[in-house]
Amino acid sequence: MREIFAEVEAWCAAGKPVAIATNVKLEGSSLRPLGAKMAMTNAREIAGSVTGGCIEGEVYEEAQAVIKSGTPKLLHYGVPSEATPWEVGLSCGGTLDVLVESLDAQTWREIYPALKASLDENRLAALATIIAGEGLGNKMLIWPDGKTQGSLGAADMEVTAWAQEQMRVQETSWKSFGALEVFVDVFSPPDRMMVIGAVHVAIPLATLAKTLGYRTIVIDPREAFATRERFPHVDELITEWPSDALKKLRPDESTYVVVISHDEKLDNPALAVALASPARYVGVLGARKNLGKRHAVLRELGVTDEQLARLQAPIGMRLGAVSPDEIALSILAAMVAAKHGVLQIQATQTTVPV
């Protein structure tokens, strides 16, 4: 949604009717993922895409009818058969369902202000939509604490619990609930990496993370280390006490905290703040033999055993990393695994060379 948000806002402000097409069900491969969106007006204005080119022309034409009627429509695409090669379809061999809706529809009008507020505030939220069964297009907006807006009917409690789990792993998906088929679109805050310690490893780590689209923040009160000469590409360079800086930055469900200063005075208070937050990933550099001592210190700082179970220590995936660049890659690999819900803390711990 964020990739088309600016255009949609501009078109709505200009009084133009807008339709949004969303990938809601996918079998096999596709150039664009579930949740990918294409916004259109009736004036040949388009933002985003649903496949990268295979079906966009037909989706645009279907959207014009939806804009006029206000009624949502579910489109299904597969691979054209040899008997009907003229049909519009996918070249990648999969099947795709695309839901086309008008933003002027009541279901969107009721939900859009709250969804916009969540996007503006970078809050994690999920939007559940009926894609098959009675009430096509009906919506319910769901937040991680179970708060909701809108209704899908009798399946609300089941859908809310499922959506909360999808928000936990931050994955958009679809599922059947009796006669209903529901699509849940997870809107995650932008990914941020917060690095505690402007050390050598932090330099290639920031560079690699930027390549993957993370907003990069390096925190170190030692001004001799935290310089723009050493970190010309980071988005933010903060020379404050790390625990204080983290409190101000407020790590969220799309934040990855990497603690690598190797100075306990900086690291442990920062870890206490990070582990008390909903940060998606928290890892710390250090030898395995010192892990018990670190846990004891963190408990004294108020960290619970449940919070400690989230800490990857030592940090990084098992790659046999030696150089700073390799260590940075191992840390980023752990972050990516955490992002997709496949990081097993105990299984992937390894001693990272200092």
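Scroll up for the structure.
A brief report on the enclosed structure follows. Quick caveat: nothing in here was measured; it's all calculated off a predicted structure. Along each chain, residue indices are assigned from 1 in the same order as the chain's sequence is written. Given that the model is predicted, a residue must reach a pLDDT of at least 70 before its local features are reported, and side-chain atom pairs must reach 80 or more before they are shown or counted; all residues, however, enter totals for whole chains, interfaces and linings. Excluding hydrogens and water, the side-chain figures rest on all heavy atoms present in the structure.

### Points about the sheet that holds strand 9 (residues 173-177)
What counts, and what does not: Pairing between strands is defined by DSSP: at least two bridges between them are needed. Numbering of helices and strands runs from the N terminus; a helix is a DSSP stretch of H or I covering at least four residues, while a strand is a stretch of E covering at least two. For helices, the axis comes from a line fit to the C-alpha atoms of the stretch in contact; other axes are also lines fit to C-alpha atoms, and the angle between any two N-to-C directions lies between 0 and 180 degrees.
In space, the five strands of this open sheet follow the order 8-7-6-10-9, with antiparallel pairing throughout. Among the strands making up the open sheet, the edge pair consists of strand 8 (148-150) and strand 9. The mean inter-strand angle of the sheet, taken between neighbouring strand axes irrespective of direction, is 25 degrees. Looking at chain direction, strand 6 (residues 125-132) and strand 7 (residues 139-142) are connected through four bridges and run antiparallel. Residue Thr129 lies in a different strand from strand 7, and its bridge partner there is Lys139.

### Here we look at the environment of Ile260
For clarity, the cut-off: Contacts are assigned to residue pairs with any non-hydrogen atoms lying within 4.5 Å of each other.
Following the sequence through the fold, Ile260 ends up in the loop between strand 14 (255-259) and helix 7 (264-275). Distance from Ile260 to Ala198, taken between C-alpha atoms, is 8.2 Å for residues 62 residues apart in sequence. Leaving out residues up to four positions away in the same chain, Ile260 has contacts with Val195, Ile196, Gly197, Val199, Val201, Ala202, Leu205, Asp267, Leu285, Ile315 and Ile331.

### Some words on the pattern of salt bridges
We count it as follows: We define a salt bridge as a contact between a side-chain nitrogen of Lys or Arg and a carboxyl oxygen of Asp or Glu at a distance within 4 Å. Accessible area is worked out with a 1.4 Å probe on protein chains only. A residue is then buried under 20% of its type maximum, exposed over 50%, and partly exposed in between.
Per the stated rule, a full pass over the model turns up 18 salt bridges. Residue Glu45 is joined to Lys16 by a salt bridge in which the shortest nitrogen-to-oxygen separation is 2.8 Å. Here Glu45 is found in the loop between strand 2 (37-40) and strand 3 (46-48), whereas its partner Lys16 is found in the loop between helix 1 (2-13) and strand 1 (19-27), with 29 residues between them in sequence. Under the relative-accessibility criterion, Glu45 is labelled partly exposed at 21%. On the accessibility criterion, Lys16 (31% relative accessible area) is partly exposed.

### Notes on helix 5 (residues 202-211)
Every buried residue of helix 5 is listed here: Ala202, Pro204, Leu205, Ala206 and Ala209. In this structure, the buried side of helix 5 is in contact with strand 11 (192-196), strand 12 (215-219), strand 14 and helix 10 (324-339). Phi turns positive one or two residues past the end of helix 5, at Gly213, with a value near 90 degrees.

### Focus: the packing of aromatic side chains
The test is simple: Planes of paired rings set the category: under 30 degrees apart is stacked, over 60 is edge-to-face and the rest tilted, where pairs are Phe, Tyr or Trp rings (Trp by its six-membered ring) whose centres lie within 6.5 Å. As a reminder, the over-ring test applies to NZ of lysine and CZ of arginine, requiring each to be within 6 Å of the ring centre and within 35 degrees of the ring normal.
Overall, the coordinates contain three aromatic pairs when judged by the stated rule. Note on Tyr214 and Tyr256: the rings are 5.3 Å apart at their centroids and 85 degrees apart in plane angle, and the pair reads as edge-to-face. Separated by 42 residues along the polypeptide, Tyr214 in the loop between helix 5 and strand 12 and Tyr256 in strand 14 bring together distant segments of the chain. As far as burial versus exposure is concerned, Tyr214 and Tyr256 are alike and both buried. Above the plane of the ring of Trp143 lies Lys147, whose end atom (NZ or CZ) is 5.2 Å from the centre. The ring of Phe225 carries Arg222 above its face, with NZ or CZ at 4.7 Å from the centroid.

### Let's talk about the nonpolar core
Put simply, the rule reads: For our purposes a nonpolar core is just a set of buried Ala, Val, Leu, Ile, Met, Phe, Trp, Tyr and Cys residues, chained together by side-chain atoms within 4.5 Å.
Within the largest apolar cluster, 31 residues are counted, with the highest numbers of intra-cluster contacts made by Leu205, Val258, Ile260, Tyr281, Ile331 and Met335. Those elements giving two or more residues to this core turn out to be strand 11, helix 5, strand 14 and helix 10. In terms of residue count, the dominant contributor to this core is helix 10 (eight residues). Ranked by size, the runner-up nonpolar core spans 25 residues in total, among them Ile196, Leu246, Leu271 and Ala272.

### Re the packing of helix 1 against helix 3 (residues 106-120)
The condition is simple: Note on terminology: angles under 35 degrees are roughly parallel, angles over 145 are roughly antiparallel, angles of 65 to 115 are roughly perpendicular, and the others are oblique. In a left-handed crossing the near helix is turned counterclockwise from the far helix by less than a right angle, and in a right-handed crossing that turn is clockwise.
The contact between helix 1 and helix 3 brings their axes to 12 Å, and the two run at 125 degrees. With respect to helix 3, the element helix 1 is oriented oblique. In this structure, helix 1 meets helix 3 at a crossing whose hand is left-handed. Seen from helix 1, the contacting residues are Arg2, Phe5, Val8 and Glu9; seen from helix 3, they are Tyr112, Lys116, Leu119 and Asp120.

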